[in-house]
Amino acid sequence: MDERFLTPAHSGQPKWVPVCGLSRLRTEAIVCARVCGIDLIVIWNDGIAVACERACPHEQADLSLGRATGGRLFCPRHAASFDLRDGRISHGWPSRPLRLYPVRIAEGQVSIDAQAIGASAR
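First, a word on what this report is: a plain description of the structure on this page.

### Re the nonpolar core
If you look at soluble globular proteins, the nonpolar side chains tend to sit buried side by side.
At step 1: Judged by nonpolar contacts, the single largest core of 17 residues is most densely connected at V19, L25, V42, V110 and I112.
At step 2: I30, I41, I43 and C75 belong to the second-largest nonpolar core, a separate cluster that totals 15 residues.

If you want it as structure tokens, here you go:
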């Protein structure tokens, strides 16, 4: 492959895209973002930032309208919830896991790895 055409999205190295300030995330608990053309949410739960897809993989509900507590994200449309460590849906629901993306917090800024988002969109 010609290295002139090798971009961060294809190099395997993280490409951190800032999405919000840490103080905003702590205040709002769920912040909407759009990275690489993908709608995401960033969640502050139990002192940890988690980024995931915004649409519920079960019924496409807007997860930004849900709530996060106890390490789980609860869908606003049905009783299912997702584990914020691995994206697994609660037992008994026919759905793929929620897509989670790497998050970095540095100097008060929350960033998401655009490389990982691009890879999951392929």
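More follows now that the structure is in view.
### Quick word on the packing of aromatic side chains
At step 1: Under the definition given, this model contains 0 aromatic pairs.
At step 2: A cation sits over an aromatic face here: R67 above F74, 4.3 Å from the ring centre.

### Some remarks on the pattern of salt bridges
At step 1: For the structure shown, the criterion picks out 8 salt bridges.
At step 2: The partner of R34 in a salt bridge is D39, and the shortest N-O contact between them spans 2.7 Å.
At step 3: On the basis of relative accessibility, which here comes to 56%, the residue R34 falls in the exposed class.
At step 4: Given a relative accessible area of 36%, D39 falls into the partly exposed group.
At step 5: Between E53 and R99 there is a salt bridge, and its shortest N-O distance comes to 3.7 Å. Of the two residues, E53 sits in strand β4 (residues 48-53) while R99 sits in the loop between β7 (81-83) and β8 (100-101), which places them 46 residues apart along the sequence.
At step 6: Among the residues examined, R99 registers a relative accessible area of 34% and is labelled partly exposed.

Cut-offs applied
Residues numbered from 1 in each chain as written. Predicted model: local features only at pLDDT ≥ 70, side-chain atom pairs only at ≥ 80, totals over all residues. Heavy atoms only, no water. Core = buried A, V, L, I, M, F, W, Y, C linked by side-chain atoms within 4.5 Å. Buried < 20%, exposed > 50% of the residue type's maximum accessible area, 1.4 Å probe, protein only. Phe/Tyr/Trp six-rings, centres within 6.5 Å; stacked < 30°, edge-to-face > 60°. Lys NZ or Arg CZ within 6 Å of the ring centre and 35° of its normal. Salt bridge = Lys/Arg side-chain N within 4 Å of Asp/Glu carboxyl O. Helix = DSSP H or I, 4+ residues; strand = E, 2+ residues; numbered from the N terminus.

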